[in-house]
Amino acid sequence: PPDTAALRIARLPAAGLLLQKGWRYHPGDNPAWARPDFDDSAWDTLNPTRPQRQLPARLGTGINWLRLRFELGDSLRQRALLLLTSTSGAWELYLDGQLLGRDGILHPDPTRVQINPNTTEPLELPGAGHAAHVLAVRFAPWQYPLLQKRINETPLFSTRLQSGMQLRKATAERAAVRTIFIVVGGVAGLLMLLHLAFFYYNPARRANLYFAFYTGALSLGALVIYFEPALHFSSPVGQLAYFLLSYLLLWLSSLWAARALYALFGFRPGWLYAGLCVSGGALLAYLFRGLMNSTDQSNFVAFLLALVLSTA
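Residues numbered from 1 in each chain as written. Predicted model: local features only at pLDDT ≥ 70, side-chain atom pairs only at ≥ 80, totals over all residues. Heavy atoms only, no water.

Caption draft 1: Representation of the side chain of Gln166 in the model. Checked against the element boundaries, Gln166 lands in helix α3 (residues 164-201). Accessibility expressed as a relative area gives 14% for Gln166, which makes it buried. For Gln166, the side chain forms a polar contact with the main-chain oxygen of Ala14, separated by 3.3 Å. For Gln166, the side chain forms a polar contact with the main-chain nitrogen of Ser163, separated by 3.0 Å. Those residues within four positions of Gln166 in sequence are excluded, and the remaining contacts are Leu12, Pro13, Ala14, Ala15, Gly16 and Leu161. (Helix = DSSP H or I, 4+ residues; strand = E, 2+ residues; numbered from the N terminus. Buried < 20%, exposed > 50% of the residue type's maximum accessible area, 1.4 Å probe, protein only. Polar contact = N/O pair within 3.5 Å; in protein donor to acceptor, adjacent residues only side chain to side chain. Contact = heavy atoms within 4.5 Å.)

Spelled out as C-alpha cells, the structure:
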C-alpha cells in the first residue's frame with residue numbers, strides 16, 4: 001500500500017513555514033510520480049533547502065522528482081494559502097496530481113536548462129479542500145561554470161507556506177527598507193546638482209567637483225539598488241552584473257568622498273589615500289567573491305559600508 005506518512009501542519013509561524021521535513025526524492029522522470037496515490041515509500045528522504053553541495057551528487061544532473069505529503073489543520077484548511085518558491089533550477093509543481101505552476105524550462109542536460117532569475121509569483125493553494133495533500137516537484141538543476149560554486153551553495157529547492165496576510169506584511173517591510181534607498185538617492189542627487197553649481201561659479205574650488213562626483217555615484221548606487229526588484233532579468237548573469245554595478249558605484253562614491261576632503265583641506269593625496277584605494281578595492285573584491293560564491297549577500301550591507309567609508 002502507498003506510504004501515508006504526512007507532515008502535519010497545525011499553524012503557521014509569523015514568517016510562514018519553510019517546508020524542510022518529509023521530502024522524498026528520486027532521480028529520473030516519470031509523469032506518474034505526480035499522482036497523489038503513487039507509492040513513494042521506497043524513495044530516499046532529504047531536506048531540499050540545504051546547500052546543493054550537501055546533497056547527493058546525482059541530484060545535480062538530469063531531471064529529478066521531489067514529493068511531500070502534508071496535512072493541514074482545520075483552521076488552515078479554511079484559508080487560502082500561498083507557496084513562495086525559490087531555486088537555482090527549473091521546476092514544475094503539482095498539487096494532488098494537478099499542475100500548480102512552473103518556472104523556467106526543464107531539460108535533462110543541465111547546461112540547456114533555462115531558469116528565471118527573477119522573483120517567482122506566489123502559488124495559491126485553494127482553501128476549504130481536503131486535509132491531506134501531496135506536493136510533487138519535477139526539477140532540473142542549472143549549471144554554469146562561472147557561477148558553479150555559488151550554485152552549489154544555494155538550496156536545491158525551497159518553498160515557504162504563508163498566508164496572504166503574512167505575505168502582505170513581508171512585502172510592506174521590504175518596501176520600507178527600499179524607501180531608505182530612494183530617499184538617500186534623491187537627497188544625494190540634489191547635493192550633486194548643488195556642488196556642480198558651486199563648481200561652475202568657482203572652478204578654483206575643486207573640492208566641489210569631487211563632492212559632486214561623490215554624491216552622484218552615491219545617488220546612482222542607491223537608485224540602482226532601489227529599482228532592482230522592479231526589473232526583469234533575462235539571465236542570472238545579467239542579474240549578477242547589475243549587483244556588481246551597484247557595488248562599484250558605492251565603492252567609487254567612498255573614494256570620491258575622501259578625495260573631496262583632501263581638496264577641501266588643501267592636502268595632496270599620498271600613501272594614506274593610496275591605502276584607502278587598495279583597501280576599497282579589497283572590499284570590492286570581497287563583495288564580488290561573496291556574490292559569486294553565496295546567496296547570503298546584501299546590497300543593504302554594502303550600502304552601509306559605503307556610507308561609513310565615505311564619512312570616516
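Caption draft 2: Geometry of the packing of α3 against helix α4 (residues 206-227). The interhelical angle for the contact between α3 and α4, taken along N-to-C directions, is 155 degrees, at an axis separation of 7 Å. With respect to each other, α3 and α4 are oriented roughly antiparallel. Read as a crossing pair, α3 and α4 show a hand that is left-handed. Grouping the amino acids of the contact of α3 with α4 by side-chain chemistry returns 18 nonpolar, seven polar and two charged. (Axes fitted to C-alpha atoms, helices over the stretch in contact; angles between N-to-C directions. Parallel < 35°, antiparallel > 145°, perpendicular 65-115°, else oblique. Left-handed = near helix turned anticlockwise from the far one by under 90°. Nonpolar A, V, L, I, M, F, W, Y, C, P; charged D, E, K, R; others polar.)

Caption draft 3: Summary view of the nonpolar core. Counting residues in each nonpolar core, the largest one holds 26 residues, and the members touching the most others are Trp23 and Leu135. Of all the secondary-structure elements, those providing two or more residues to this core are β3 (23-27), β5 (64-72), β6 (81-87), β7 (89-95), β9 (123-125), β10 (132-141) and β11 (157-163). Ranked by residues supplied to this core, first place goes to β5 with four residues. Leaving out residues up to four positions away in the same chain, Leu135 has contacts with Leu19, Trp23, Leu66, Arg67, Leu68, Phe70, Leu83, Leu93, Tyr94 and Leu95. Judged by nonpolar contacts, the second largest core, of 12 residues, contains Tyr210, Phe211, Leu250 and Ala257. (Core = buried A, V, L, I, M, F, W, Y, C linked by side-chain atoms within 4.5 Å.)

Caption draft 4: Molecular detail of the pairing of β10. The buried fraction of β10 amounts to nine of the 10 residues, a majority that puts the element mostly inside the structure. Strand direction decides the pairing type here: β5 and β10, joined by eight bridges, are antiparallel. Within β10, the residue paired with Phe70 across the bridge is His133. Looking at chain direction, β7 and β10 are connected through seven bridges and run antiparallel. (Pairing = 2+ DSSP bridges.)

Caption draft 5: Examining unusual backbone geometry more closely. Not every positive phi belongs to a glycine, and Asp96 is a case in point at roughly 55 degrees. Within the secondary structure, Asp96 is located in the loop between β7 and β8 (98-103). Residue class for Asp96 comes out partly exposed when judged on its relative accessible area of 27%.

Caption draft 6: Looking closely at the packing of aromatic side chains. By the definition in use, this model includes 12 aromatic pairs. On the basis of an interplanar angle of 80 degrees and a centroid distance of 6.1 Å, the ring pair of Trp91 and Phe157 is categorised as edge-to-face. Of this pair, Trp91 sits in strand β7 while Phe157 sits in strand β11, and the two are 66 residues apart along the sequence. Here the two residues Trp91 and Phe157 agree in accessibility, since each one is buried. (Phe/Tyr/Trp six-rings, centres within 6.5 Å; stacked < 30°, edge-to-face > 60°.)

Caption draft 7: Molecular detail of the sheet that holds β11. Strand order in the open sheet formed by four strands is β2-β11-β6-β9, and the pairing between neighbours is antiparallel. Whereas interior strands pair on both sides, the edge strands pair on one side only; in this sheet they are β2 (17-18) and β9. The pairing of β6 with β11 spans seven bridges and is classified as antiparallel. Bridging across to β11, Thr87 finds its partner in Phe157. α3 rests against β6 and β11 of the sheet, and its axis sits at about 105 degrees to β11.

Caption draft 8: Local environment of the pattern of salt bridges. Tallied over the entire structure, the rule returns 11 salt bridges. Put simply, Arg58 and Asp44 hold a salt bridge, and the shortest N to O gap is 3.1 Å. Of this pair, Arg58 sits in the loop between β4 (44-46) and β5 while Asp44 sits in strand β4, and the two are 14 residues apart along the sequence. The exposure class assigned to Asp44 is partly exposed, which follows from its relative accessible area of 38%. Two residues, Glu92 and Arg102, come together in a salt bridge whose shortest N-O distance is 3.5 Å. Of this pair, Glu92 sits in strand β7 while Arg102 sits in strand β8; the two residues are 10 residues apart in sequence, bridging distant segments of the chain. When salt bridges that share partners are traced, they join Arg24, Asp40, Arg67 and Arg69 into one network. (Salt bridge = Lys/Arg side-chain N within 4 Å of Asp/Glu carboxyl O.)

Caption draft 9: Quick peek at α3. Across its 38 residues, α3 extends 56 Å between first and last C-alpha, which sits within 8% of the 56 Å expected from 1.5 Å per residue. When α3 is considered as a whole, its buried residues turn out to be Gly164, Gln166, Leu167, Ala170, Phe181, Gly185, Ala188, Gly189, His195 and Phe199. (Expected span 1.5 Å × (residues − 1).)

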